[in-house]
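Each chain, written out:
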Amino acid sequence: MKRNHSGSLSNYFKAGSHTTPAEVQKQSVAIENSSAINNDTTVTSNECNVQLHDDATLKYDTFIDIMSGKLLPINTQINKDSQKQALENSEKLKPIIKTVILCGRQNLSLRSHEDYGVFDTIIEPNKNEGNFRSILRARIESGDENLRKHFETCGKNATYISWNIQNQIIEACDEIIIQKLVTKINKAKFFSVLADETTDVSTVEQFSLCVRFVELMSINEYKIVEQFLKFVPVQSTTGQNLADVLLETLKNVGIDLNIFRGQGYDGAYSMSGQFKGVQAFISNKCPTVIYVHCVSHSLNLALSNTAEVVPIRNAFAILQKIYTFFNTPKRQNVLQNNIEISTHNSNKKKLKQLCPTRWVERHDSVIIMKQMLLPVVAALEEIQSWSCKDSSSNAFLLLTH
């Protein structure tokens, strides 16, 4: 409320004040300044009220639009933008994921020694950048515009083709495959385990686990299935440790141990030992699990032992010498020429080396030699007439056997 400053001054002088004219002038200036401040405050207050009114009106209009469906709420708008961005990102990742899966399915290595650097969609590389990048480049050249756009617009640290991303995709595929396999095993209501330990090329001790179960294919149709489960690195190969690793791995992947019914291993002491083998520790913890020595391994041992019979042993030795004799380019060409002019019905074009441990591979070597016997004899007869003393004499010795 505006004060009546002039009335106050009149009353002040009427009271007989002894204030000097200079002091009166100072007081008058102060009163005028105070009045100006009050006027400015009133203007500012009015401006604030107008702004608040406009804000309130805008919020009211927005509220009415949202309630009437003309405008989406802010949280819905944010969610839709996020979903759109997630969908676009998934479309960019799909060809990359499919390429990793393709390499795995075809047993192709992903990377090479020069699998690094910027992925240029226009300039062809002058080096071998590996199967993974080469297949991605082939996808782009075949018309994959989503993949092309991704590499042309993404940042250098967001291409999603680094070795780390490749490994993450492989691990994700591994988890999905194991989950599907575990679901089938638990649905089967019983299963057995086949296991063996071995050292890989990097000298890391690995525990190889496979499962065997009965899968329901359709009504009244069942199929016995053997599937590889996973490799598990181990620090100790004692029976106790391997048994603990086996049970812990089955538990971690989600397999119900209550339906564990069988175990099969080779004849190694750490696996099949009666007291300190894996089978003994498993049987103590899971009495319903029956141990069976691997039948294929038993058959291999039995057949390998028969090879110690003198006639059989000598026959295998001759087969190995024939393979070694023809394992040179010049002699192999002679054998190939005789195979082409021969009338034998086999589609085999090359001899197979005898495997020292696997009987199945020995069996294949014997079958191939039997099918190619006539071309082999014809090639040996041709080579024994050569002027080369070593080749001709060895061919003659093999023919006499």
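Under an unreviewed UniProt entry, the name given to the chain is 52 kDa repressor of the inhibitor of the protein kinase-like, and the organism recorded is Aphis craccivora.

**Observations concerning the pairing of strand β4 (residues 260-265)**
Of all the 6 residues making up β4, 5 are buried; the element is thus mostly covered by neighbouring parts of the structure. With 4 bridges joining them, strand β1 (residues 191-199) and β4 adopt parallel strand pairing. Across the sheet, the residue bridging to V193 is Q263, located in β4.

**Let's talk about a nonpolar patch on the surface**
Taken together, the side chains of Y60, F63, I64 and M67 make up a nonpolar region of the molecular surface, amounting to roughly 460 Å² of accessible area. Inspection of the secondary structure assignment puts F63 in helix α2 (residues 21-68).

**A short note on the nonpolar core**
With 33 residues, the main nonpolar core has F191, F207, L246, F260 and I282 as its most contacted residues. When contributions to this core are tallied by element, the ones reaching two or more residues are α6 (163-188), β1, β2 (205-218), β3 (221-233), α7 (239-253), β4 and α9 (278-285). Sorting elements by how many residues they give to this core places α7 first, with 7 residues. Core analysis: the next-biggest nonpolar cluster, separate from the first, contains 21 residues, L319, L380, I383 and A395 among them.

**Quick word on the packing of helix α12 (residues 329-341) against helix α14 (residues 373-383)**
Look at α12 against α14: their axes get within 8 Å of each other, and the N-to-C directions meet at 130 degrees. The orientation of α12 relative to α14 falls into the category oblique. Handedness of the α12/α14 crossing: right-handed. Between α12 and α14, the contacting residues are R331, V334, L335, N338 and I339 on the first element and P375, V376, A378, A379, E382 and I383 on the second. Taken together, the residues that form the contact of α12 with α14 break down as 8 nonpolar, 1 polar and 2 charged.

**Focus on the sheet that holds β3**
Taken in spatial order, the 5 strands make up an open sheet running β3-β2-β1-β4-β5, and their pairing is mixed. Taken across any chain shown, the strands that pair with only one partner, and hence form the sheet edges, are β3 and β5 (290-293). Taken over all neighbouring pairs, the strand axes of this sheet differ in orientation by 25 degrees on average, direction set aside. As defined by bridge partners, β4 adjoins β5 across 4 bridges and the pair is classed as parallel. Looking at the pairing, G262 lines up with I290 of β5. Packed onto the sheet, α9 meets β4 and β5 and runs at close to 170 degrees relative to β4.

**Comments concerning the packing of α7 against α9**
Packed helices, taken two at a time, are described by the angle their axes make and the gap between the axes. Interhelical geometry of α7 versus α9 gives an angle of 55 degrees and a closest axis separation of 8 Å. Considering their axes alone, α7 and α9 lie oblique with respect to each other. In this structure, α7 meets α9 at a crossing whose hand is right-handed. Side by side, α7 and α9 meet where G239, Q240, L242, A243, D244, L246 and L247 of the first sit next to V278, F281, I282 and K285 of the second. Considered class by class, the residues forming the contact of α7 with α9 number 7 nonpolar, 2 polar and 2 charged.

**Here's the deal with α9**
Within α9, the full set of buried residues consists of V278, Q279, A280, F281 and I282. Buried residues along α9 sit against α7, β4, α8 (269-272) and β5.

**Observations regarding the environment of V334**
Looking at the secondary structure, you find V334 in helix α12. Separated by 42 residues in the primary sequence, V334 and V376 place their C-alpha atoms 9.3 Å from one another. In contact with V334, other than residues within four places in its own chain, are A379, E382, I383 and W386.

**Considering the packing of aromatic side chains**
Inspection of every chain in the model, using the stated rule, returns 5 aromatic pairs. Plain terms: the ring middles of F228 and F231 are 4.9 Å apart, the flat faces sit at 55 degrees to each other, and that makes the pair tilted. Looking at F231, the relative accessible area reads 47%, which means it is partly exposed. When the ring centre of W386 is taken as reference, the NZ or CZ atom of K330 above it lies at 4.7 Å.

**Notes on the pattern of salt bridges**
Overall, the coordinates contain 10 salt bridges when judged by the stated rule. The partner of E215 in a salt bridge is K184, and the shortest N-O contact between them spans 3.7 Å. Within this pair, whereas E215 is found in strand β2, its partner K184 is found in helix α6, the two being separated by 31 residues in sequence. For K184, a relative accessible area of 42% gives the class partly exposed. Linked through salt bridges whose partners overlap, the residues forming this network are D115, E129, R133 and R137.

**Regarding helix α4 (residues 130-141)**
A rise of 1.5 Å per residue sets the reference length of α4, with its 12 residues, at 16 Å; its end C-alpha atoms lie 17 Å apart and thus fit the reference within 8%. All of the buried residues along α4 are G130, F132, R133, I135, L136, R137 and I140. Looking one or two residues beyond α4, the residue adopting positive phi is G143, at roughly 110 degrees.

Reading guide: rules and limits
By convention here, each chain's residues receive numbers from 1 onward along its written sequence. In keeping with the predicted nature of the model, local features appear solely for residues at pLDDT of at least 70, side-chain atom pairs appear and are counted solely at 80 or more, and the whole-chain, interface and lining totals rest on all residues. Hydrogens and water are ignored here; the side-chain numbers use all heavy atoms of the structure. Exposure categories follow from relative accessible area, calculated using a 1.4 Å probe and restricted to protein chains: below 20% of the type maximum is buried, above 50% is exposed, and the middle band is partly exposed. In DSSP terms, a helix is any run of H or I states spanning at least four residues, a strand is any run of E spanning at least two, and both are numbered starting from the N terminus. A pair of strands is treated as paired once DSSP finds two or more bridges between them. Only residues whose relative accessible area exceeds 30% and that form no salt bridge enter a patch; like-charged residues are grouped when within 9 Å of one another, and nonpolar side chains (Val, Leu, Ile, Met, Phe, Trp, Tyr) when within 5 Å. In short, Shrake-Rupley with a 1.4 Å probe defines the accessible areas, and a residue's cover is counted only from the protein chains shown. Salt bridge criterion: a side-chain nitrogen from Lys or Arg within 4 Å of a carboxyl oxygen from Asp or Glu. Here, the term nonpolar core denotes a set of buried Ala, Val, Leu, Ile, Met, Phe, Trp, Tyr and Cys residues that are joined through side-chain atoms within 4.5 Å. Axis definition: a line fit to C-alpha positions, over the contact stretch in the case of helices; interaxial angles, taken between N-to-C directions, run 0 to 180 degrees. For classification purposes, angles smaller than 35 degrees are called roughly parallel, those larger than 145 roughly antiparallel, those between 65 and 115 roughly perpendicular, and all remaining angles oblique. Handedness of a helix crossing follows the sense of rotation of the near helix relative to the far helix, less than a right angle counterclockwise being left-handed and clockwise being right-handed. Any two residues whose heavy atoms approach within 4.5 Å are treated as being in contact. Think of it as three bins: nonpolar holds Ala, Val, Leu, Ile, Met, Phe, Trp, Tyr, Cys and Pro, charged holds Asp, Glu, Lys and Arg, and polar takes everything else, Gly as well. Only rings of Phe, Tyr and Trp enter the pairing, Trp through its six-membered ring, and a pair is recorded when the two centres are within 6.5 Å. The plane angle decides the type: under 30 degrees is stacked, over 60 is edge-to-face, the rest tilted. Each ring is checked for a lysine NZ or an arginine CZ that lies within 6 Å of its centre and within 35 degrees of its normal; such an atom marks a charge sitting over the ring. The span you would expect from a helix comes to 1.5 Å times its residue count less one.

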